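Structure assessment
Residues per chain are reported as follows:
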Amino acid sequence: MGNKNQVKRLQQQRSGLLRRMIKSSDNRLKPTDRTKAKPKKKRDDEPKLIERPQGSSAMFFQYNTQLGPPYHVLVDTNFVNFSIKNKLDVIKTMMDCLYAKCIPYITDCVVAELEKLGQKYKLALRIIKDPRFERLHCMHRGTYADDCLVQRVTQHKCYIVATNDKDLKRRIRKIPGVPIMNVAVNRYVIERMPDAFEPMSKK
C-alpha cells in the first residue's frame, strides 16, 4: 500500500510539473491533465469606480448663486418669432417680467437658423442684430442651436434660457439651477427662478 501511495504522489507531482512547464493546449498532455484556466471571480469587497459629472461651484444645493441682476438671457430662435407674433418688445418685456436689467444673448447658431428660414423672418433678424443684444460665438460645427444652448447652460450657470420649444425646455429642466423664460399671451413667463427672486417674478 505504501508503495502505491508513493507512486501516486510521484505521478501527481509529475503531472503538476508538466502543467506548469507545458501549455494546457500541448499535444503531449493527456486529456485528464488539460485543465482550463478558471476565470478570476471579482471580489465583492473590491472598491467600485463610479464616474459622476462634477457639480458646478455656482450651485448651493438647488440654489444657483450666479443668478442675479443684470440677468443674462440666452435667446432661442422660436422665442424671437413668438415675441413678434405677440407684438412684444423683447428687452422691455424681459425687464417687465424680471423687474431688473436684462442682457439678451444670441449665439451664432441661432442667427444662422434665422438666416436659413429666409425672407419671412427678416424682421426677427433685424431685432437680434440690435446692439443691445450680445453676440456669443460658437466653436461647434453645424447650426443646430438646441445642443449649443444646453451645453452652454451646463457649463455656465449664469444664464436664463428664453425658449418656447417643448423639447428644449424638457432638456433644460433636467439641468439644476437654470430658469426658463417663455412667451405667454402678451407677456413673458419665468419658471424655476430661485426662491429669493420668486416674489419679484410672480408680481
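Bear in mind the structure is a predicted one, so any value in this text is a computation, not a measurement.

With that out of the way, let us pick up the nonpolar core. Among the nonpolar cores identified, the biggest contains 33 residues, and Phe79, Met94, Leu98, Ile160, Met181 and Tyr188 are the most heavily contacted of them. Among the elements that line this core, the one with the most residues is helix H3 (residues 90–98), at five residues. Ile103, Leu136, Tyr159 and Ile180 belong to the second largest nonpolar core, which has 15 residues in total.

Attention now goes to the pattern of salt bridges. Summed over the entire model, instances satisfying the criterion amount to seven salt bridges. Ionic pairing is found between Asp130 and Arg132, a salt bridge with its closest N-O pair at 3.2 Å. The class for Asp130 is partly exposed, based on a relative accessible area of 22%. Arg132 gets classed as partly exposed once you look at its relative accessible area, which sits at 47%. Residue Asp167 is joined to Arg170 by a salt bridge in which the shortest nitrogen-to-oxygen separation is 3.0 Å. Remark: Arg170 and Asp167 occur in helix H7 (residues 166–173); sequence separation between them is three residues, near one turn of the helix. What makes Arg170 partly exposed here is its relative accessible area of 49%.

Our focus in this paragraph is the sheet that holds strand E6 (residues 159–162). Neighbouring strands of a sheet are bound in pairs by backbone hydrogen bonds; such pairs are parallel or else antiparallel. Strand order in the open sheet formed by six strands is E5-E4-E3-E6-E7-E8, with mixed pairing between adjacent strands. Sheet topology places strand E5 (134–136) and strand E8 (187–191) at the edges, where each strand pairs with a single neighbour. Averaged over neighbouring strand pairs, the angle between their axes works out to 35° when direction is ignored. As defined by bridge partners, E6 adjoins strand E7 (residues 180–184) across two bridges and the pair is classed as parallel. Looking across to E7, one finds that Val161 is bridged to Ile180. Across the sheet, H3 is in contact with strand E3 (71–75), strand E4 (102–107), E6, E7 and E8; its angle to E8 comes to roughly 50°. Along the sheet face, H7 touches E6, E7 and E8 and points at about 150° away from the line of E7.

Another point: the packing of aromatic side chains. Going through the model one piece at a time under the given rule, you end up with two aromatic pairs. Seen from their ring centres, Tyr105 and Tyr159 are 5.7 Å apart, and the 75° between their planes marks the pair as edge-to-face. Within this pair, whereas Tyr105 is found in strand E4, its partner Tyr159 is found in strand E6, the two being separated by 54 residues in sequence. Residue class for Tyr105 comes out buried when judged on its relative accessible area of 13%. One cation-aromatic arrangement involves Lys85 over Phe82; the distance from NZ or CZ to the ring centre is 5.4 Å.

Quick look at unusual backbone geometry now. Backbone geometry at Tyr99 places phi at a positive 55°, although glycine is not the residue there. Here Tyr99 lies in the loop between H3 and E4. Take Tyr99: its relative accessible area is 47%, and that puts it in the partly exposed class. The backbone phi angle of Asn186 is positive, close to 60°, even though this residue is not glycine. On the secondary structure map, Asn186 appears in the loop between E7 and E8.

Burial in helix H4 (residues 108–116) covers these residues: Cys109, Val110, Val111, Ala112 and Leu114. Buried residues in H4 make contact with E3, helix H2 (77–85), E4, helix H5 (122–128), E5 and helix H6 (145–155). Gly118, located one to two residues past H4, shows a positive phi value of around 90°.

Our focus in this paragraph is the side chain of Asn78. Structurally, Asn78 can be placed in helix H2. Separated by 3.5 Å, the side chains of Asn78 and Thr163 make a polar contact. For Asn78, the contacting residues outside a window of four places in its chain are Thr163, Asn164 and Asp165.

Calculation criteria
- Residues numbered from 1 in each chain as written.
- Predicted model: local features only at pLDDT ≥ 70, side-chain atom pairs only at ≥ 80, totals over all residues.
- Heavy atoms only, no water.
- Core = buried A, V, L, I, M, F, W, Y, C linked by side-chain atoms within 4.5 Å.
- Buried < 20%, exposed > 50% of the residue type's maximum accessible area, 1.4 Å probe, protein only.
- Helix = DSSP H or I, 4+ residues; strand = E, 2+ residues; numbered from the N terminus.
- Salt bridge = Lys/Arg side-chain N within 4 Å of Asp/Glu carboxyl O.
- Pairing = 2+ DSSP bridges.
- Axes fitted to C-alpha atoms, helices over the stretch in contact; angles between N-to-C directions.
- Contact = heavy atoms within 4.5 Å.
- Phe/Tyr/Trp six-rings, centres within 6.5 Å; stacked < 30°, edge-to-face > 60°.
- Lys NZ or Arg CZ within 6 Å of the ring centre and 35° of its normal.
- Polar contact = N/O pair within 3.5 Å; in protein donor to acceptor, adjacent residues only side chain to side chain.

From the geometry alone we can't say anything about function, so treat these as descriptive.
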